[in-house]
Amino acid sequence: DDKRKQKEAGDYFNAGKNHFRGKDIASAVEAFTHAIMLRPEKGEYFYNRGNCYNKQGETQKALLDYSMAIRIDNKTAPYYEHRGMCYKKLGNYEESVKDYTNAIRLEGSNGAFYYNRAIAYMCLTPPDYEKALEDYDLAVKLSQQKYRPLFNRGNCLRKMGRVAESITDLKQAVELEQSKPESHNNLGLSYLEMGKLEDAVDHFGTAIQLDQERETAIYYNNRGLAFLRMERFEACFQDFDVATQLNPNDPNYFFNRGNAYLTVKNVEQALSDLDEAISLAQSIPAYYHSKGVAFQALGRKAGAIEMFDKALALNPKYVPSLYHLGLMYHTEGQHEQAAQMFSAVIRLVPQDRRGHESLGIVHTELKLHQHAVNDFAAAIKFASQYPDSYI
């Protein structure tokens, strides 16, 4: 009877694998389920059914089957790898990291395990870029297919502020897969961050050309940001218009176009876009801040203060709103409140020249001259790190 069960279970298992290869996933699930009922002690049966559920998008069911496979056999690396993928899909990045770590412990030469753990590290709150970078380094070294590890390591390096190294990796990724719009787009982002705007525009343009569906709004948005910094306003608005048309549900595109309108002093149009951004996402401090700047430009002081306060309610450490509230208090002659705001900016960003300079002006008007001298000295010290305008 046991031999009959073993043979019957094996037949169902092989049938399930054939169904899976033939992309008949429902029949594969049925066959693997029969095999499990006959031999529930076989981890590979649960693992293969888990793969079917994964294909069907039934992540929770897949996770349960992978967990059963691990309970039966905790020495097989792919079981941990696939459960780690499920945890990642479900947003449980801590457990995902643990599973990839177990997979690596069992099979330390598999570049894919390091690559996937690196992605999980980047998804943590806050992201652990240092550990992600270590894993990407090993993924690049161990993987035969190097495009993905190079591409993601380049993005990780950019997020770490190591932009020149990011460009090196992303250029290699582009050379390996020249037809992928995402690689050109991300290389463009690194060039944009470095201030090489013409190169950024070129690569965003290439991404747009390669995107045959012409549906990837983010490429137009990113090129619009580059055009904005180049003060090519007509081209900038054309790209933001396309981005908002292709994806009217992304608040960032309206936010970016709203800030562009602020730059050219079309405040009413800016307010329209910023209102649209806020209607799509109510929890982003930057949206309220920019609306406050628009009210400030119109002389609507109460409205501006209300918007800056809303931004700070969402994030009490939001430096742009602290700074602008300081400006408004200063304009109103409320020097003590202004000093508090500028001091808060400096506590959060000690190298912020703008904060030191503004605090120095307030201290001068309060006749606190030695404090003012110290503030201006700090402003001079940090001159090379002068921040972008807090629009």
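The rules behind these values
Residues numbered from 1 in each chain as written. Predicted model: local features only at pLDDT ≥ 70, side-chain atom pairs only at ≥ 80, totals over all residues. Heavy atoms only, no water. Helix = DSSP H or I, 4+ residues; strand = E, 2+ residues; numbered from the N terminus. Buried < 20%, exposed > 50% of the residue type's maximum accessible area, 1.4 Å probe, protein only. Polar contact = N/O pair within 3.5 Å; in protein donor to acceptor, adjacent residues only side chain to side chain. Contact = heavy atoms within 4.5 Å. Axes fitted to C-alpha atoms, helices over the stretch in contact; angles between N-to-C directions. Parallel < 35°, antiparallel > 145°, perpendicular 65-115°, else oblique. Left-handed = near helix turned anticlockwise from the far one by under 90°. Nonpolar A, V, L, I, M, F, W, Y, C, P; charged D, E, K, R; others polar. Salt bridge = Lys/Arg side-chain N within 4 Å of Asp/Glu carboxyl O.

## So, the side chain of Thr-244
Note on placement: Thr-244 falls in helix α14 (residues 233-246). Its relative accessible area of 7% is what places Thr-244 among the buried residues. A polar atom in the side chain of Thr-244 sits 2.9 Å from the backbone oxygen of Asp-241. Within the structure, the side chain of Thr-244 is placed 3.4 Å from the side chain of Arg-257, a separation counted as a polar contact. Setting aside residues up to four positions removed in sequence, Thr-244 forms contacts with Tyr-253, Phe-254 and Arg-257.

## Some details on the packing of helix α18 (residues 301-314) against helix α19 (residues 319-331)
At a minimum axis distance of 9 Å, the contact between α18 and α19 shows a crossing angle of 150°. Considering their axes alone, α18 and α19 lie roughly antiparallel with respect to each other. As α18 packs across α19, the resulting crossing turns out to be left-handed. Where α18 approaches α19, its residues Lys-301, Ala-304, Ile-305, Phe-308, Asp-309, Ala-311 and Leu-312 are matched on the opposing element by Ser-321, Leu-322, His-324, Leu-325 and Met-328. Looking at the contact of α18 with α19 residue by residue, the classes come out as eight nonpolar, two polar and two charged.

## Notes on the pattern of salt bridges
One pass over the structure, following the stated rule, counts 20 salt bridges. Residue Arg-4 pairs with Glu-8 through a salt bridge whose shortest N-O separation is 2.9 Å. Of this pair, Arg-4 and Glu-8 both sit in helix α1 (residues 2-21), four residues apart, which is roughly one turn of that helix. Take Glu-8: its relative accessible area is 28%, and that puts it in the partly exposed class. Residue Asp-65 pairs with Arg-49 through a salt bridge whose shortest N-O separation is 2.7 Å.

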